[in-house]
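Given next are the chains, with one letter for each unit.
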Amino acid sequence: MTGRTAESKADFSRIYTRPDPREFVAALAPLSYQVPRLARPIVEEELAGRTDRPVLDVCCSYGVNSAQLRCGVDLAELADRYADPALAALDPAALTAADAAFFAQRLVAPEVTVLGLDASAPAIGYARAAGLLADGWAEDLESAAPSAALAAGIADVGTVVCTGGVGYVGERTFGRLLDVLDPAGLRLVVFVLRVFDYGPIAEVLAGRGLVTEKRPGTFPQRRFADAAEQEAAVHDVRARGLDPAGREADGWYHAECFVSRPA
Ligand SMILES: C[S@@+](CC[C@H](N)C(=O)[O-])C[C@H]1O[C@@H](n2cnc3c(N)ncnc32)[C@H](O)[C@@H]1O
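Residues numbered from 1 in each chain as written. Predicted model: local features only at pLDDT ≥ 70, side-chain atom pairs only at ≥ 80, totals over all residues.

**As for the overall build of the chain**
Here is step 1 of the chain: Scanning the chain from terminus to terminus reveals 12 helices and eight strands.
Here is step 2 of the chain: A compact globule built from 263 residues should have a C-alpha radius of gyration of about 18 Å, and the chain, at 18 Å, falls within 12% of that.
Here is step 3 of the chain: Along the first, second and third principal axes, the C-alpha atoms of the chain reach 50 × 45 × 35 Å.
Here is step 4 of the chain: For the chain, buried positions account for 45% of its 263 residues.
Here is step 5 of the chain: For the chain, contacts bridging at least 24 residues in sequence account for 81% of all contacts bridging at least 6. (Helix = DSSP H or I, 4+ residues; strand = E, 2+ residues; numbered from the N terminus. Rg over C-alpha atoms; globule rule 2.2 N^0.38 Å. Buried ≥ 20, exposed ≤ 12 C-beta atoms within 10 Å, placed from the backbone. Contact = placed C-beta atoms within 7 Å.)

**Topic: the site of the ligand**
Here is step 1 of the chain: In the vicinity of the ligand lie 19 residues, with Cys 59, Ser 61, Val 64, Gly 164 and Tyr 168 positioned nearest.
Here is step 2 of the chain: Of all the secondary structure elements, the ones that give two or more residues to the shell around the ligand are α3 (35-47) and α4 (64-71).
Here is step 3 of the chain: Here the shell around the ligand is built from residues that sort into 10 nonpolar, six polar and three charged. (Near = placed C-beta within 6 Å. Nonpolar A, V, L, I, M, F, W, Y, C, P; charged D, E, K, R; others polar.)

**A short note on the packing of helix α10 (residues 171-180) against helix α11 (residues 199-206)**
Here is step 1 of the chain: Remark: α10 packs on α11, axes separated minimally by 9 Å, with the N-to-C direction vectors making an angle of 15 degrees. What the angle tells us is that α10 and α11 run roughly parallel. The chirality of how α10 crosses α11 is right-handed. Listed contacts from α11 to Glu 171, Phe 174, Gly 175 and Leu 178 of α10 are Pro 200, Ile 201, Val 204 and Leu 205. (Axes fitted to C-alpha atoms, helices over the stretch in contact; angles between N-to-C directions. Parallel < 35°, antiparallel > 145°, perpendicular 65-115°, else oblique. Left-handed = near helix turned anticlockwise from the far one by under 90°.)

**What to know about the environment of Ala 134**
Here is step 1 of the chain: Structurally, the position occupied by Ala 134 is in the loop between α8 (121-129) and β3 (135-138).
Here is step 2 of the chain: With 99 residues separating them in the primary sequence, Ala 134 and Ala 233 have C-alpha atoms 36 Å apart.

**Comments concerning the nonpolar core**
One broad trend across soluble globular proteins is that nonpolar side chains are buried collectively.
Here is step 1 of the chain: Within the largest apolar cluster, 71 residues are counted, with the highest numbers of intra-cluster contacts made by Val 58, Ala 127, Cys 162, Val 166, Val 190, Phe 191 and Val 192.
Here is step 2 of the chain: Per-element accounting of this core gives the leading share, six residues, to strand β5 (residues 187-193).
Here is step 3 of the chain: If near-sequence neighbours (up to four positions away) are discounted, Cys 162 is found in contact with Val 58, Cys 59, Val 190 and Phe 191. (Core = buried A, V, L, I, M, F, W, Y, C linked by C-beta atoms within 7 Å.)

**Observations concerning the packing of α3 against α4**
Here is step 1 of the chain: The contact between α3 and α4 brings their axes to 9 Å, and the two run at 50 degrees. Taken as axis vectors, α3 and α4 run oblique relative to one another. Relative to α4, the crossing made by α3 is right-handed. Facing Pro 36, Arg 37, Ala 39, Arg 40 and Val 43 of α3, the residues of α4 in contact are Val 64, Asn 65, Gln 68 and Leu 69.
Here is step 2 of the chain: Class assignment of the residues belonging to the contact of α3 with α4 gives a composition of five nonpolar, two polar and two charged.

**Notes on the pairing of strand β4 (residues 159-162)**
Here is step 1 of the chain: Burial along β4 is two-sided: Thr 159 and Val 161 facing one way and Val 160 and Cys 162 facing the other are all buried.
Here is step 2 of the chain: Summarising the sheet, β4 and β5 pair through four bridges and their orientation is parallel. By the bridge assignment, Val 161 is partnered in β5 with Val 189.
Here is step 3 of the chain: As for the winding sense of the linkage, the β-α-β connection from β4 through α10 to β5 is right-handed. (Pairing = 2+ DSSP bridges. Right-handed = clockwise from strand over helix to strand, strands pointing away.)

**Points about helix α5 (residues 75-82)**
Here is step 1 of the chain: Every buried residue of α5 is accounted for by Leu 75, Leu 78 and Tyr 82. Down the axis, α5 shows its buried residues gathered within 55 degrees of arc, on one side only.
Here is step 2 of the chain: Its buried side turned inward, α5 meets α2 (22-28), α4 and α6 (85-88). (Arc of directions from axis to C-beta.)

**Some remarks on unusual backbone geometry**
Here is step 1 of the chain: A positive phi angle is found at Ser 32, which is not glycine, with a value near 55 degrees.
Here is step 2 of the chain: The residue Ser 32 is located in the loop between α2 and α3 in this model.
Here is step 3 of the chain: On the basis of neighbour count, Ser 32 is assigned to the partly exposed category, with 14 C-beta atoms found within 10 Å.
Here is step 4 of the chain: The residue Ser 61 is not glycine, and still its phi comes out positive at about 55 degrees.
Here is step 5 of the chain: Tracing the backbone through its elements, the reader meets Ser 61 in the loop between β1 (55-58) and α4.
Here is step 6 of the chain: Ser 61 gets classed as buried once you count the C-beta atoms within 10 Å, which come to 24.

**Some details on the environment of Asp 182**
Here is step 1 of the chain: Position of Asp 182 among the secondary structure elements: in the loop between α10 and β5.
Here is step 2 of the chain: For Asp 182, a count of 13 C-beta atoms within 10 Å gives the class partly exposed.

**What about the environment of Gly 72?**
Here is step 1 of the chain: Here Gly 72 is to be found in the loop between α4 and α5.
Here is step 2 of the chain: Since 14 C-beta atoms lie within 10 Å of it, Gly 72 is described here as partly exposed.
Here is step 3 of the chain: Measuring from C-alpha to C-alpha, the distance between Gly 72 and Val 160 comes to 19 Å, with 88 residues separating the pair along the chain.
Here is step 4 of the chain: When neighbours within four sequence positions are excluded, Gly 72 is seen to be in contact with Arg 106 and Val 108.

Here's what the structure looks like:
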């Protein structure tokens, strides 16, 4: 992470590595975390007529984007679901089995195959067992090249999606992915908080023949957890020459959406 945001952004690392998503949902739903829901129609637009190749969700966590894309289930609905005392009482294995049945029942886009990459092995394990990911890999491409299994597993990916990931991952991860993905016909849909600069990643993509354009507008990602996050974000977007009025100044992290396609 960069800027003052690196020092002040709430540390959620603990909720990323639990055996199931209950703590993730309990921490982020009250902050109105909603970028996967806002991403869905844009990803669907890019996927139209292209679902013959899988989607790779980078920083997929517990499969939140797959829950949106395949099942139309968002974080707010999951928060309501997990508030049910009968579900809250389940151990992680039983909860995962119950979620697998729930997502299977809610499946609306079976033609969309989602693969996942995340540093968290428990999150990947849950998302595979819950049927959200057809396959997934717990690897950190900031620190190492993809394993042979990951490289082989994502060779035919047609679309890369990333929400809430840039900042944790940067040009190293995208460069290493592009070393193994086939850039022919590849598209990337990446939502990036305005506190971060997507330029270095877009440059890596340009080096592989992919042209990046920013979608119009901004997308409210979540409310700030505290005043320190907000002050840092307002500082960092100003430092990037952006105006925080009506966005970060009003209490919300806002993201920009970048879509990359072959030239
Ligand atoms: C804010 S969550 C976003 C989850 C999901 N994409 C969403 O929008 O709901 C960030 C995720 O990035 C993952 N992560 C952090 N550092 C990473 C790295 N170096 N490589 C891969 N994943 C990483 C975390 O484990 C966590 O699941």
